Amino acid sequence: MKYIVAPSILSADFGNLQRDIEMINQSEADWFHVDVMDGVFVPNISFGFPVMSAVKKHAQKPLDVHLMIVEPDKYIEDFAKAGADRITVHYEACTHLHRTIQLIKASGCKAGVALNPHTPITLLQDVIEDLDLVLIMSVNPGFGGQAFIHNTYKKIQDLKALMRGVNEDLVVEVDGGVGLQNIAALVSAGANAFVAGNAIFAADNPTETISKMKSLTTTAINI
């Protein structure tokens, strides 16, 4: 199994964004994770299409775009045109989730659904076979640097059970409080993609931290 490390550029130094993008390009990281927040769905605002386009201009790895916004359908085609490879929307923000998933796929992107910490895995039962990725939030979305919620391990195991025999190639991604201290346990629970912000960009040596994370994913025992 391939394990994905996706540094979140929300934690990058925006005064030296190109430098940090080049660091990710040259590291063992697999994807760029792009967090888009609107100040409505979550209590924070990040960035939109201009920054996204600037990242795409320099990025040499896929863009994993996480929309923490209301009414995501209005913007999916624009994010696809701006360079998204994967677009993840929140279950809690989509009135007609199946339609939204189909819109993402029609735009040429892989489709993902994110779940907030309080949202049970069972709510994905009717769309699980249509998805390419499920993102389990291991903190409440909106801010970096929060403490990891330990119920995440059970949610990963619940998702793996839901996938079994239906969509076993689904990417199981975890976002929030992920770092060297828990990535091996997350692999053991069944996750295979890991978003990390502060754990990478606040490290003395971000490139080395990414390498250590990759190493821990390959040595952990998947159960």
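About the thresholds
- Residues numbered from 1 in each chain as written.
- Predicted model: local features only at pLDDT ≥ 70, side-chain atom pairs only at ≥ 80, totals over all residues.
- Heavy atoms only, no water.
- Phe/Tyr/Trp six-rings, centres within 6.5 Å; stacked < 30°, edge-to-face > 60°.
- Helix = DSSP H or I, 4+ residues; strand = E, 2+ residues; numbered from the N terminus.
- Buried < 20%, exposed > 50% of the residue type's maximum accessible area, 1.4 Å probe, protein only.
- Pairing = 2+ DSSP bridges.
- Axes fitted to C-alpha atoms, helices over the stretch in contact; angles between N-to-C directions.
- Contact = heavy atoms within 4.5 Å.
- Arc of directions from axis to C-beta.

K.L.:
Looking at this structure, how should I read the packing of aromatic side chains?
P.N.:
Two measures describe an aromatic ring pair: the distance that separates the ring centres and the angle between the ring planes. Taken as a whole and assessed by the stated rule, the structure comprises three aromatic pairs. Centre to centre, the rings of Phe14 and Phe47 are 5.8 Å apart; their planes meet at 40°, and the pair counts as tilted. Of this pair, Phe14 sits in the loop between strand E1 (4-7) and helix H1 (17-26) while Phe47 sits in the loop between strand E2 (32-37) and helix H2 (49-58), placing them 33 residues apart in sequence. Its relative accessible area of 39% is what places Phe14 among the partly exposed residues. With a centroid separation of 4.4 Å and 40° between ring planes, the pair formed by Phe49 and Phe79 is classed as tilted. Within this pair, whereas Phe49 is found in helix H2, its partner Phe79 is found in helix H3 (residues 76-81), the two being separated by 30 residues in sequence.

K.L.:
Can you walk me through the sheet that holds strand E8 (residues 193-196) in this structure?
P.N.:
Adjacent strands of a sheet form backbone hydrogen bonds with each other and so pair up, either parallel or antiparallel. Strands sit in the order E1-E8-E7-E6-E5-E4-E3-E2 across an open sheet of eight strands; the sheet is parallel. Of all the strands in the sheet, the pair left with one neighbour each is E1 and E2. The average angle at which neighbouring strand axes cross in this sheet is 20°, direction not considered. Judged from the six bridges that link them, E2 and strand E3 (residues 63-68) form a sheet pairing that is parallel. Each residue of the ladder has a partner; that of Met37, found in E3, is Met68. Its contacts with the sheet put helix H8 (residues 206-219) on E1 and E8, and the angle it makes with E1 is roughly 155°.

K.L.:
Sorry, what's going on with helix H4 (residues 97-106) here?
P.N.:
For an α-helix, the turn length of 3.6 residues means that residues three or four places apart are oriented alike. Buried residues of H4: Leu97, Thr100, Ile101 and Ile104, and no others. Relative to the axis of H4, the buried residues are bounded by an arc of 100° and lie together on one face. Exposed and facing more than 90 degrees away from the buried side of H4 are Arg99 and Ala106. The elements touched by buried residues of H4 are H3, strand E4 (86-90) and strand E5 (110-115). Gly108 sits one or two residues past H4 and shows a positive phi near 95°.

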